[in-house]
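Reading the structure
Chain by chain, the residues run as shown.
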Amino acid sequence: MASVLEHFIVFEGLDGAGTTTQMQLLAEACDQRSIPCHATFEPTDKPIGRIVRSALRKEIVITPLALAMLYAADREDHLHNPVYGLVGDLQAGKLVISDRYLYSSLAYQSVETDFETIERLNQFPSPEYIFFIDTPVDECLRRIKGRGNAEELFERHEFLEKVKQNYERIFSSLPQEVKLIRIDGLLSKEEIARQIQEILFTE
Ligand code: TYD
């Protein structure tokens, strides 16, 4: 079984759930408390992540399995790159906060590729905390439309329902050491941030 990375915190949720906002608010809260932290995200803005994003924008067409492999390759690089790898930040004593991690691959890629294959591609260490921003699909879609983005590959109702079911499946069999915290995604962003900080900073 893969190990657990202490002080590694990840946010998970559907598109539009608010993970990016919460990652940023937590990073700001760390700054205010002078806690050294590194806020990051997947897919990354590094070379492999950029290929993933061009596939999401449909600039290139690749198979679902190839996309799953790219997400996993981006993650391996995100963890272990000698220059910007987050394991290096953890070793330097920083708190690392990531907007999405391997649970996004398990939840999203397993809609089109079998779960066991995606699991095999994602033998990475667990984070210490997963904050799951639990936002209903209809609300996520409403927010996505409000953003006025060109519709991305994953932003469809039926698809997001399946992703949500996959998250539930994953969370029912997490390693015991991983702390899964579910947050009601319909709360205000300030209240969600408050709940997260209460858990992290009062333990
Ligand atoms: P993200 O950058 O969080 O979306 P946004 O465009 O709102 O900033 O993620 C991009 C998409 O990639 C999102 O639909 C979730 C999906 N995704 C996967 O399918 N698998 C993964 O492993 C990851 C990290 C993201």
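The text that follows walks through the structure, step by step, so that each part is easy to find. (Residues numbered from 1 in each chain as written. Predicted model: local features only at pLDDT ≥ 70, side-chain atom pairs only at ≥ 80, totals over all residues. Heavy atoms only, no water.)

We now examine the sheet that holds strand S4 (residues 126-134). Strand order in the open sheet made by the five strands is S2-S3-S1-S4-S5, with parallel pairing throughout. The sheet is open, and its two borders are formed by strand S2 (37-41) and strand S5 (179-184), each paired with just one other strand. Each strand of the sheet is rotated relative to its neighbour by a mean of 20°, with strand direction disregarded. Judged from the five bridges that link them, S2 and strand S3 (residues 95-99) form a sheet pairing that is parallel. When the sheet's bridge partners are listed, His38 is paired in S3 with Val96. Of the strands in this sheet, strand S1 (4-12), S4 and S5 touch helix H9 (residues 189-201), which is tilted by about 155° from S4. (Pairing = 2+ DSSP bridges. Helix = DSSP H or I, 4+ residues; strand = E, 2+ residues; numbered from the N terminus. Axes fitted to C-alpha atoms, helices over the stretch in contact; angles between N-to-C directions. Contact = heavy atoms within 4.5 Å.)

Scanning all chains against the criterion turns up nine aromatic pairs. Aromatic pair Phe132 and Tyr167: ring centres 4.9 Å apart, planes at 50°, arrangement tilted. With Phe132 in strand S4 and Tyr167 in helix H8 (residues 157-171), this pair connects stretches of sequence that are 35 residues apart. Ring geometry for Phe132 versus Phe171: centroids 5.1 Å apart, planes at 70°, classification edge-to-face. Taken as a pair, Phe132 in strand S4 and Phe171 in helix H8 lie far apart in primary sequence, 39 residues in all. Like Phe132, the residue Phe171 is buried in the burial classification. One aromatic cluster is present, built from ring pairs that chain together Phe8, Tyr101, Tyr103, Phe132, Tyr167 and Phe171. Note that Arg75 overlies the ring of Tyr101, its terminal NZ or CZ placed 5.9 Å from the centroid. The ring of Phe115 has Arg169 sitting right over it, with the charged end atom 4.0 Å from the ring centre. (Phe/Tyr/Trp six-rings, centres within 6.5 Å; stacked < 30°, edge-to-face > 60°. Buried < 20%, exposed > 50% of the residue type's maximum accessible area, 1.4 Å probe, protein only. Lys NZ or Arg CZ within 6 Å of the ring centre and 35° of its normal.)

Turning our attention to the site of the ligand. Residues in close proximity to the ligand total 15 residues, the closest being Asp15, Arg75, Arg100, Ser105 and Gln109. Measuring from an oxygen atom of the ligand, one finds a side-chain N or O atom of Asp15 at 2.6 Å. Within the side chain of Arg100, a nitrogen or oxygen atom sits 2.9 Å from an oxygen atom of the ligand. Relative to its free-state accessible area of 550 Å², the ligand is covered by the protein chains to the extent of 89%. Of all the secondary-structure elements, those providing two or more residues to the shell around the ligand are helix H2 (47-56), helix H3 (64-80) and helix H5 (102-108). Here the shell around the ligand gets three residues from one element, more than from any other, and that element is H5. Split by residue class, the shell around the ligand holds five nonpolar, three polar and seven charged. (Near = heavy atom within 4 Å. Polar contact = N/O pair within 3.5 Å; in protein donor to acceptor, adjacent residues only side chain to side chain. Areas by Shrake-Rupley, 256 points an atom, 1.4 Å probe, with all protein chains shown as cover. Nonpolar A, V, L, I, M, F, W, Y, C, P; charged D, E, K, R; others polar.)

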